[in-house]
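Each chain, written out:
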Number of protein chains: 2
Amino acid sequence: MKNYKMTVQYDGTRYDGWQRQGNTSNTIQGKLENILERMTEHKVEMHGSGRTDKGVHAKGQVASFKIRTEKTDSEIMDYLNHYLPDDIAVTALSETDERFHARLNAVRKTYVYRIHNSSVPNVFEQRFLYTVEDELNVDAMKTAAKLFLGEHDFLGFSSVKKLKKSTKRTIYSVGVERFGDDIVFAVTGNGFLYNMVRIMAGTLVEIGKGERIPESITEVFDTKNRELAGITLPGKGLTLLSVEYE
Amino acid sequence: MKNYKMTVQYDGTRYDGWQRQGNTSNTIQGKLENILERMTEHKVEMHGSGRTDKGVHAKGQVASFKIRTEKTDSEIMDYLNHYLPDDIAVTALSETDERFHARLNAVRKTYVYRIHNSSVPNVFEQRFLYTVEDELNVDAMKTAAKLFLGEHDFLGFSSVKKLKKSTKRTIYSVGVERFGDDIVFAVTGNGFLYNMVRIMAGTLVEIGKGERIPESITEVFDTKNRELAGITLPGKGLTLLSVEYE
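Residues numbered from 1 in each chain as written. Chains lettered and ligands numbered in written order. Predicted model: local features only at pLDDT ≥ 70, side-chain atom pairs only at ≥ 80, totals over all residues. Heavy atoms only, no water.

Honestly, the overall build of chain A in this entry has me stumped. Any pointers?
Tallying secondary structure elements over chain A gives five helices and ten strands in all. Rg of the C-alpha trace for chain A: 19 Å, near the compact-globule value of 18 Å for 246 residues, within the 12% margin. For the C-alpha atoms alone, the extent of chain A along its principal axes is close to 60 × 45 × 30 Å. Split into buried and exposed, the 246 residues of chain A put 54% on the buried side. Considering only residue pairs separated by 6 or more positions, chain A has 70% of its internal contacts joining residues 24 or more positions apart. For chain A, the exposed surface amounts to about 11,800 Å²; the carbon and sulfur share of it is 45%. Of the charged side chains in chain A, 34 are positive and 34 negative; the average position of the first set lies 5 Å away from that of the second. (Helix = DSSP H or I, 4+ residues; strand = E, 2+ residues; numbered from the N terminus. Rg over C-alpha atoms; globule rule 2.2 N^0.38 Å. Buried < 20%, exposed > 50% of the residue type's maximum accessible area, 1.4 Å probe, protein only. Contact = heavy atoms within 4.5 Å. Areas by Shrake-Rupley, 256 points an atom, 1.4 Å probe, with all protein chains shown as cover. Lys, Arg positive; Asp, Glu negative; His and termini not counted. Charge placed at Lys NZ, Arg CZ, Asp CG, Glu CD.)

Right, here's the structure in full:
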């Protein structure tokens, strides 16, 4: 068996997220495993760097898998792209160290959440945008986003219920920028809890609307109370941009 | 009755083109007229600058229509954007001279045809791209595109069958540029025959593949023979960029 690392792009609109759920599910992982199983004629288990939810997109999801094959790296990549639907693509693939594991070895991930801030829809990119018609105060959002930096317990910014594992995470960088009618929230960290980026983005939108103050973020860290954070924005605005390894 | 000029954007993927065809058709014009008829409670006839075919997109289609209303320009625009589906948007709307007619007064139109030139799909923009996997010779395409400039009889570059009206058109500017994996063909002219841009683009792709020489364009002008031009590329790669008026 050889071990492979690959980078995958997808428009998540039509899918129930990354992770395979049983045999009949409509997931990105399921589509990829099915094609590799047809190619190799053996069972394939793929490890993504992490799940992405229903409707969430990826520009640089990373996955690893072990297969038995005589094909070259570029032949495997071409085979996958030939059989994948139009909204999933493999953009890089290479044989790698047998110990490489896309989830366990990931050290940093970057997500972007895109907000379309206009009453005039963007018809060409609406699949990747969450729309807020009223003008948002981007300066307030920038100030607030900086409060996410560093190590914090993000339990209040997540939909996590069980408390067995640590809910501390470190955020290395955040940015909020307006590009024309779009506001992009980008965040890099060592890991993210369930729904964490969507709740962080929802909290920033409420700050941009003037419905809450930037300091309310600190209160959520102190209390770990999900009720005190903003709403969970829809998956469609979220894209996993990149995953880094040592 | 007041006369209005408006600019419309659409992702044409789901539609049978711009022009209303009977009462049951799924067209951009049909969607817009229906909403204005509901708003005004009278019949509305809209004039687009020209038809766009099934699957063709527009960033700056222009249309005119006469309605009876007490609403302000921005109220009409908001009303339309509220009831339009996500893939159609009105980006500008204003009352105009009563003699303005979006088709009869148009003096210049610009179209772009986008080719994705890679074996790795672009999952985020595939709805707006036609894919050619083998690398195209962009320099040959640039040289060839210049032969379209000026006034010519474009009958051979069209799917027009009847010969009653003139098939002469003037091309003011053309451009072929590579942006990463995408090749964009942009063309501005005083008017375009049925399927003309798609056949011009198909001819350029065949030149880029080395299947024909740039001078074959001159032969199509001389013979007016559709058989000697390239294939008609699919509508999905085509976008009406802008329409100009005096």
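Still to come is the rest of the account.
How should I be thinking about unusual backbone geometry in this particular structure?
A negative phi angle characterises most non-glycine residues, just as the trans form characterises most peptide bonds. The phi dihedral of Asn195 of chain B is positive, around 70 degrees, even though this residue is not glycine. Along the chain, the position of Asn195 of chain B falls in the loop between strand E9 (182-189) and helix H4 (196-208).

Explanation requested: the relation of the copies chain B and chain A in the structure shown.
The pair of chain copies shares a relation made of a rotation about an axis and a shift along it. Least-squares fitting of chain B to chain A yields an RMSD of 0.0 Å, with the transformation described by 0.0 Å of translation along the axis and a rotation of 180 degrees. Expressed as a symmetry operation, the mapping of one chain copy onto the other fits a two-fold axis. Judged by C-alpha distance, Glu125 of chain B is the residue of chain B that lies nearest the rotation axis, at 4.3 Å. Most of the interface of chain B is mirrored in chain A: 100% of its interface residues are interface residues there too. (Least-squares fit on C-alpha atoms with pLDDT ≥ 70 in both.)

What is the right way to look at the side chain of Thr110 of chain B in this model?
Residue and element names in this part refer to chain B. Of note, Thr110 is situated in strand E5 (residues 106-116). Overall, Thr110 belongs to the buried group, its relative accessible area being 10%. Residues contacting Thr110, with those up to four places away along its chain left out, are Val187, Thr188, Thr239, Leu240, Leu241 and Ser242.

What is the right way to look at helix H4 (residues 196-208) of chain A in this model?
Residue pairs spaced three or four apart in an α-helix point in one direction, given the helix's 3.6 residues per turn. Spanning 13 residues, H4 of chain A covers 18 Å between terminal C-alpha atoms, matching the ideal 18 Å at 1.5 Å per step. Two residues or fewer after H4 of chain A comes Gly210 of chain A, characterised by a positive phi angle close to 85 degrees. (Expected span 1.5 Å × (residues − 1).)

Could you clarify how one ought to interpret the interface of chain B and chain A in this entry?
It is common to give the size of an interface as the accessible area that goes away when the parts come together. Each partner contributes to the interface: chain B provides 23 residues, whereas chain A provides 23 residues. Across the chain B-chain A interface, the total number found is zero salt bridges. The tally of links between chain B and chain A comes to zero residue pairs in polar contact (both at pLDDT 80 or more). Broken down by secondary-structure element, the contributors of at least two residues to the side of chain B that touches chain A are strand E1 (2-10), strand E3 (57-67), helix H2 (73-83) and strand E4 (88-96) of chain B. Within the side of chain B that touches chain A, the residues separate by chemical class into eleven nonpolar, six polar and six charged. (Salt bridge = Lys/Arg side-chain N within 4 Å of Asp/Glu carboxyl O. Polar contact = N/O pair within 3.5 Å; in protein donor to acceptor, adjacent residues only side chain to side chain. Nonpolar A, V, L, I, M, F, W, Y, C, P; charged D, E, K, R; others polar.)

Any chance you could explain the packing of helix H1 (residues 28-40) of chain B against H2 of chain B here in plain terms?
Two numbers describe a pair of packed helices, the interaxial angle and the distance between the axes. Residue and element names in this part refer to chain B. For the pair H1 and H2, interaxial distance at closest approach is 10 Å and the crossing angle is 120 degrees. In terms of their interaxial angle, H1 and H2 are classed as oblique. Handedness of the H1/H2 crossing: right-handed. Residue-level contacts link Leu32, Ile35, Leu36, Arg38 and Met39 of H1 to Ile76, Tyr79, Leu80 and Tyr83 of H2. Across the contact of H1 with H2, the residue classes break down as eight nonpolar, no polar and one charged. (Axes fitted to C-alpha atoms, helices over the stretch in contact; angles between N-to-C directions. Parallel < 35°, antiparallel > 145°, perpendicular 65-115°, else oblique. Left-handed = near helix turned anticlockwise from the far one by under 90°.)

Sorry, what's going on with the environment of Thr232 of chain A here?
Residue and element names in this part refer to chain A. Mapping Thr232 onto the fold places it in the loop between helix H5 (216-223) and strand E10 (238-245). Apart from the residues within four sequence positions on either side, Thr232 is in contact with Asn195, Arg198, Ile199 and Arg226. A polar contact is formed between the side chain of Thr232 and the side chain of Arg226, at a distance of 3.0 Å.

Explain the packing of aromatic side chains to me, please; I cannot follow it from the model alone.
Working definition: an aromatic ring pair is given by the centre-to-centre distance plus the angle between the planes. All names here are of chain A. Taken as a whole, this structure holds 28 aromatic pairs over all chains when the rule is applied. Plain terms: the ring middles of Tyr79 and Tyr83 are 4.8 Å apart, the flat faces sit at 50 degrees to each other, and that makes the pair tilted. Of this pair, Tyr79 and Tyr83 both sit in helix H2 (residues 73-83), four residues apart, roughly one helical turn. What makes Tyr79 buried here is its relative accessible area of 18%. (Phe/Tyr/Trp six-rings, centres within 6.5 Å; stacked < 30°, edge-to-face > 60°.)

How do you make sense of H5 of chain A when you look at a structure like this?
Residues and elements named next belong to chain A. Of the residues making up H5, those classed as buried are Ser216, Ile217, Val220 and Phe221. Along the axis of H5, the buried residues cluster in a sector spanning 155 degrees; they form a single face. Where H5 is buried, its residues meet helix H3 (138-145), strand E7 (150-153) and H4. Two residues or fewer past H5, Lys224 is found with a positive phi of approximately 55 degrees. (Arc of directions from axis to C-beta.)

Would you mind going over the pattern of salt bridges with me for this structure?
Two side chains that carry opposite charge are able to pair once their charged atoms sit near each other. Considering all chains together, one arrives at 24 salt bridges over all chains under this definition. With its nearest N and O atoms 3.6 Å apart, the salt bridge here joins Lys43 of chain B to Glu37 of chain B. In this structure Lys43 of chain B comes out as exposed when scored by relative accessible area, which is 68%. Beyond isolated ion pairs, a larger network of salt bridges with shared partners links Arg114, Glu125 and Asp182 of chain A.

What's the story with the pairing of E1 of chain B in this structure? I'm lost.
A regular strand places its side chains on the two faces of the sheet in alternate fashion. Residues and elements named next belong to chain B. Here E1 pairs with E3 via eight bridges, running antiparallel. Residue pairing for E3: Lys2 is matched across the bridge by Ile67. As defined by bridge partners, E1 adjoins E4 across eight bridges and the pair is classed as antiparallel. Note that in E4 the partner of Gln9 across the bridge is Ala89. (Pairing = 2+ DSSP bridges.)

Got a minute to help me understand a negative patch on the surface in this structure?
A surface patch of like charges, here negative, comprises Glu75 and Asp78 of chain A together with Glu133 and Asp134 of chain B. Structurally, Asp78 of chain A is set in helix H2. (Patch = residues over 30% accessible without salt bridge, like charges linked within 9 Å, V, L, I, M, F, W, Y side chains within 5 Å.)

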